[in-house]
Amino acid sequence: MSEAFYSHATLYDLMFPGGVPAVDFYRTEANRRGGRVFELGCGTGHKLIPIASDGHPCVGLDFSSDMLAEAQRKANECGVAVEWVQGDMRTFDLDRTFDFVFIAANSLLHLHEAEDLVSCFRSVRRHLAPGARLVFDVFNPSVRLLAEADGVRRTRESLSFLDPDRGNVSVDVAEVYDAPAQVTRGTWYLSTSSEPDFVVAPLEIRSIFPQELPLLLSLGGLRLVERFSDWSSRPFAGDAALQLCICESA
């Protein structure tokens, strides 16, 4: 589950501060559906807190207690009520249903085995109210980019950020692709000029190829209704970077 990577919640938010189009998309979908909202892999509440501020009863589930603690702090700061639940997205039972369920920012890809993905979809299905939708986004794997994961440590300039306590932080990543498992196994290094490698954390992310995704959903009792290429709902194409999926109970 790459637990160590998510034990630095404030650094995570500094490293990944953007996502405005994604926030707007999920917020619009929640408003369209109305009712109760549930996010799996909610992290620090980057998307769920704005949705809750629109007046929806919201529940967020995450495996990391550190991320949930930061989410609670941010919700308190915004004066927003959200129910935060520590749990495993493969198997959970909240004994209620929701009108809109979503899994954002590749969170689904922390589940590496097909059985785990199917178990997650089955758990989601049990929590869908009549007419409810599951929406999630995962990247669309590029064979060329996967082949370039050669284990060499490289700086990712786009991820560098300013930490109020440490100053400028650079981010290096070394990745290899395990083709039989469809998992990219990476190590992330965060450094400043005075603190080289003050965080070293593994991050392992699965690839879900477009043709296998509908089958995994079907095995979990769900059906893929629509798939988009971007946050403007452009129809899915093979060269898209994103798979934005709209699903319902089968």
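The name given to the chain in an unreviewed UniProt entry is Methyltransferase domain-containing protein, with Phytoactinopolyspora mesophila as the source organism.

Colleague: Can you walk me through the overall build of the chain in this structure?
Modeller: A tally of helices and strands in the chain yields 7 helices and 12 strands. Compactness check: the chain gives a C-alpha radius of gyration of 18 Å against a globular reference of 18 Å for 250 residues, within 12% of the reference. Projected onto its principal axes, the C-alpha positions of the chain cover 55 × 45 × 30 Å. Burial status across the chain gives 50% buried among its 250 residues.

Colleague: Before we go on, may I ask you to explain unusual backbone geometry in this structure?
Modeller: As a rule of thumb, non-glycine residues mostly have phi less than zero, and peptide bonds are mostly trans rather than cis. The phi dihedral of Ala105 falls on the positive side, at around 55°, and the residue is not glycine. Here Ala105 is to be found in the loop between β4 (98-103) and α5 (114-126). A positive phi angle is found at Asn106, which is not glycine, with a value near 65°. The residue Asn106 is located in the loop between β4 and α5 in this model. Here Asn106 falls in the partly exposed class, since its relative accessible area comes to 24%.

Colleague: Teacher, can you tell me more about empty space enclosed by the protein here?
Modeller: To find leftover empty space, one rolls a probe the size of a water molecule over the atoms. Applying the stated rule across the entire model yields 1 cavity of 30 Å³ or more. There is about 70 Å³ of room inside the largest cavity. What lines the largest cavity is simply Phe5, His8, Leu11, Tyr12, Met15, Trp188, Leu190 and Val199. Of all the secondary structure elements, the ones that give two or more residues to the lining of the largest cavity are α1 (9-15) and β9 (183-191). The biggest single contributor to the lining of the largest cavity is α1, with 3 residues.

Colleague: Can you help me understand the domain arrangement of the chain in this one?
Modeller: Interface size is commonly expressed as the accessible surface area that is lost when the partners come together. Per the domain assignment, the segments making up the chain are domain 1 (9-141 + 208-249) and domain 2 (143-206). The straight-line distance from the C-alpha centre of domain 1 to that of domain 2 is 24 Å. With 15 residues of domain 1 at the contact, the number on the domain 2 side is 21 residues. Interface of domain 1 and domain 2: buried area, both sides summed, is about 1400 Å²; carbon and sulfur atoms make up 68% of it. On the domain 1 side of the contact with domain 2, Leu11, Met15 and His112 bury the most area, a combined 41% of that side's loss. On the surface where domain 1 and domain 2 come into contact, there are 1 salt bridge. For Arg206, the salt bridge goes to Glu212, with nearest N and O atoms at 3.4 Å. Counting across the interface, domain 1 meets domain 2 through 5 residue pairs in polar contact (both at pLDDT 80 or more). Only α1 and α5 provide two or more residues apiece to the side of domain 1 that touches domain 2.

Colleague: Explain the side chain of Ser107 to me, please; I cannot follow it from the model alone.
Modeller: Inspection of the secondary structure assignment puts Ser107 in the loop between β4 and α5. Residue classification places Ser107 among the buried positions, given a relative accessible area of 11%. There is a polar contact of 3.4 Å between the side chain of Ser107 and the backbone oxygen of Gly41. Looking at Ser107, its side chain comes within polar contact range of the main-chain oxygen of Ala104, at 2.8 Å. Look past the residues within four positions of Ser107 in its chain and what remains in contact with it is Leu40, Gly41 and Met89.

Colleague: What exactly am I supposed to notice about the pairing of β9 here?
Modeller: Each regular strand carries side chains that alternate between the two faces of the sheet. Counting buried residues along β9, 7 of its 9 residues qualify, which places the element largely inside the surrounding structure. Pairing analysis gives 9 bridges linking strand β8 (residues 167-178) to β9, with the strands arranged antiparallel. Bridge assignment links Asp178 to a residue of β9, and that residue is Val183. Joining the antiparallel neighbours β8 and β9 is a turn of 4 residues, in which Gln182 adopts a positive phi near 60°. The pairing of β9 with strand β10 (residues 199-206) spans 8 bridges and is classified as antiparallel. Looking at the pairing, Gly186 lines up with Leu203 of β10.

Basis of the calculations
Residues numbered from 1 in each chain as written. Predicted model: local features only at pLDDT ≥ 70, side-chain atom pairs only at ≥ 80, totals over all residues. Heavy atoms only, no water. Helix = DSSP H or I, 4+ residues; strand = E, 2+ residues; numbered from the N terminus. Rg over C-alpha atoms; globule rule 2.2 N^0.38 Å. Buried < 20%, exposed > 50% of the residue type's maximum accessible area, 1.4 Å probe, protein only. 1 Å grid on protein atoms, 1.4 Å probe; cavity = no way out; pocket = protein on both sides within 12 Å on 5 of 7 lines; lining within 4 Å. Points joined across faces, edges and corners; volume = space filled by probe spheres on them. Domains from an automatic or database assignment. Contact = heavy atoms within 4.5 Å. Buried area = accessible area lost by both parts, 1.4 Å probe. Salt bridge = Lys/Arg side-chain N within 4 Å of Asp/Glu carboxyl O. Polar contact = N/O pair within 3.5 Å; in protein donor to acceptor, adjacent residues only side chain to side chain. Pairing = 2+ DSSP bridges.

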